[in-house]
Amino acid sequence: MAEIHIIGQILGGSGFPSLDLFCKWSVVTGSNWQLLEGLVEGQTQVDNPLEGKMAVWSHPIDLHYTTRSISGWPKLKVQVWHQDRYGRNELYGYGFCNVPTSAGIFSVDCVTWRPKGSVMEEVSSFFLGGTTQLANDDLIISGADRYNQRFILFFFIFHFHVVHFLSTEENCFFSCL
C-alpha cells in the first residue's frame, strides 16, 4: 500500500474585484484513498491587502494519505469569498486544481469562476450584494453540465510543497524535497 504526504500552503489570491478576501478549501479524493492524518477542509483568515496587491493567506495544508490505487488522485477544491465592511460574505469564485503527481516543490495557479446570473440577478447583485451560487458544489470538480453554464473568470494563486513516501513489502522508496 502506498502513502503520500501533501505538505504545502494556500499562498493567496489576486485579480478579484474587491479586497477583504478569504478562502474556503477542501481536498477531494477517490474511494481508494484513506486519510491517516490532517484536515481535509478549512478556511483562511480574511486579508485586506493594499490596492492592486495580492491577498496573502499563507494557510498551511498537511495531509497524510494511504492508497491502493492512483485512481481518484487528490484535488484541491476552493471557494474565494469577499467580506464587506458589515461582515456579510459574498462568493467571488469556485475553482479546483490537481495536486501534483510527482515529488518536489510546485507553484500551482488556479483559475476561479462563478456562475453568471440572469440580467435581473446581476442587477440585484450590484445594488443589494450577493452573487449567484451553485446549488451543489460537486460541479466544481466533476464538470458535469458545465458546458451549459455561463461563468465570470477570476485568477487565484496556490503554492504547494509536495512530499511523497511510497512503501511496499519488497522495497521502500522515499522521495522528498
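Note on numbering: residues in each chain are counted from 1, in written sequence order. This being a predicted model, a pLDDT of at least 70 is required before a residue's local features are given, and a value of 80 or more before pairs of side-chain atoms are given or counted; all residues contribute to the totals for chains, interfaces and linings. Only hydrogens and water are removed before side-chain values are computed, so all heavy atoms of the structure are retained for them.

(A) Spatial organisation of the overall build of the chain. Helix numbering and strand numbering both begin at the N terminus, where a helix is a DSSP run of H or I of at least 4 residues and a strand a DSSP run of E of at least 2. Across its full length, the chain carries two helices and ten strands. The helix and strand sequence of the chain, counted from the amino end, reads β-β-β-β-β-β-β-β-α-α-β-β. Note on exposure labels: buried denotes an accessible area under 20% of the residue type's maximum, exposed denotes more than 50%, and partly exposed covers the range between, all computed with a 1.4 Å probe on protein chains only. Residues classed as buried in the chain amount to 38% of the 177 residues present. What makes two residues a contact is simply this: any of their non-hydrogen atoms within 4.5 Å. Contacts in the chain between residues far apart in sequence, at least 24 positions, make up 72% of those at least 6 positions apart. Where accessible areas are quoted, they stem from the Shrake-Rupley method and a 1.4 Å probe; at the residue level, only the protein chains shown are allowed to cover. A total accessible area of about 10000 Å² is found for the chain, and carbon and sulfur atoms account for 54% of it.

(B) Molecular detail of the nonpolar core. In this structure, Ile 10, Leu 21, Trp 25, Trp 57, Tyr 65 and Leu 76 are the most contacted members of the largest nonpolar core, which totals 23 residues. Elements supplying a minimum of two residues to this core: β1 (2–13), β2 (21–28), β5 (55–67), β6 (75–83), β7 (89–98) and β8 (104–115). Top element by residues in this core is β5. It accounts for five residues. If near-sequence neighbours (up to four positions away) are discounted, Tyr 65 is found in contact with Ala 2, Glu 3, Ile 4, Ile 6, Val 27, Thr 29, Trp 33, Gln 34, Leu 35, Leu 36 and Val 40. As used in this record, nonpolar core signifies buried Ala, Val, Leu, Ile, Met, Phe, Trp, Tyr and Cys residues forming a set joined through side-chain atoms within 4.5 Å.

(C) Quick look at the pattern of salt bridges. Within this document, salt bridges are pairs made up of a side-chain nitrogen of Lys or Arg and a carboxyl oxygen of Asp or Glu, the two lying within 4 Å of each other. Following the criterion strictly, the structure yields one salt bridge and no others. Its salt-bridge partner being Asp 84, residue Arg 88 comes within 2.6 Å of it at the nearest N-O pair.

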